[in-house]
Amino acid sequence: PLPGFPWPDPAVPLAFVEMGPNSVEQVEGESKQNSFEGEKVLDILQAVLDAGGCKITDIGIITPYVAQVRYLRSAWQKRCRIAGGAGGGSPQKPAPGKKRKQIGQG
């Protein structure tokens, strides 16, 4: 369970979020990017941060696609500029070590 995210089953430490028919992958060279999924992940991140259950440095977002990493960084930076730095500022490269919470994607 994570404040700010409606965890479907508290007994299970993993949650899947249905993306629906609007989720479309785009191929970028040898990588893939899905802006709909990316925005959904960032919505979840923002809700968790707004709930105050953890800090941005406690969260890791995992995706196997370099193009998706670029999209997430760019979209998060844009959100932070629009909100005046809300949500913990701009995203940084992940620090070494374990994160308390991780949001997987892909």
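Going by the structure above, here's the rest.
The following refers to the structure shown. As the structure is a computational prediction, the values presented were derived from the model and not from experiment.

### A word on the packing of aromatic side chains
Working step 1: Enumeration according to the criterion identifies one aromatic pair in this entry.
Working step 2: Aromatic pair Phe5 and Trp7: ring centres 5.4 Å apart, planes at 80°, arrangement edge-to-face.
Working step 3: A relative accessible area of 16% places Phe5 in the buried class.
Working step 4: What makes Trp7 partly exposed here is its relative accessible area of 23%.

### Some details on the pattern of salt bridges
Side chains that differ in charge, positive against negative, can pair when their charged atoms come close.
Working step 1: Tallying each qualifying case throughout the model produces four salt bridges.
Working step 2: Across the pair Glu28 and Arg70 runs a salt bridge whose closest N-O atoms are separated by 3.3 Å. Here the residue Glu28 occupies a position in strand E1 (residues 26-28), and Arg70 occupies one in helix H2 (residues 66-82), the gap between them amounting to 42 residues.
Working step 3: By relative accessible area, which is 34% here, Glu28 ends up partly exposed.

Cut-offs used in this document
- Residues numbered from 1 in each chain as written.
- Predicted model: local features only at pLDDT ≥ 70, side-chain atom pairs only at ≥ 80, totals over all residues.
- Heavy atoms only, no water.
- Phe/Tyr/Trp six-rings, centres within 6.5 Å; stacked < 30°, edge-to-face > 60°.
- Buried < 20%, exposed > 50% of the residue type's maximum accessible area, 1.4 Å probe, protein only.
- Salt bridge = Lys/Arg side-chain N within 4 Å of Asp/Glu carboxyl O.
- Helix = DSSP H or I, 4+ residues; strand = E, 2+ residues; numbered from the N terminus.

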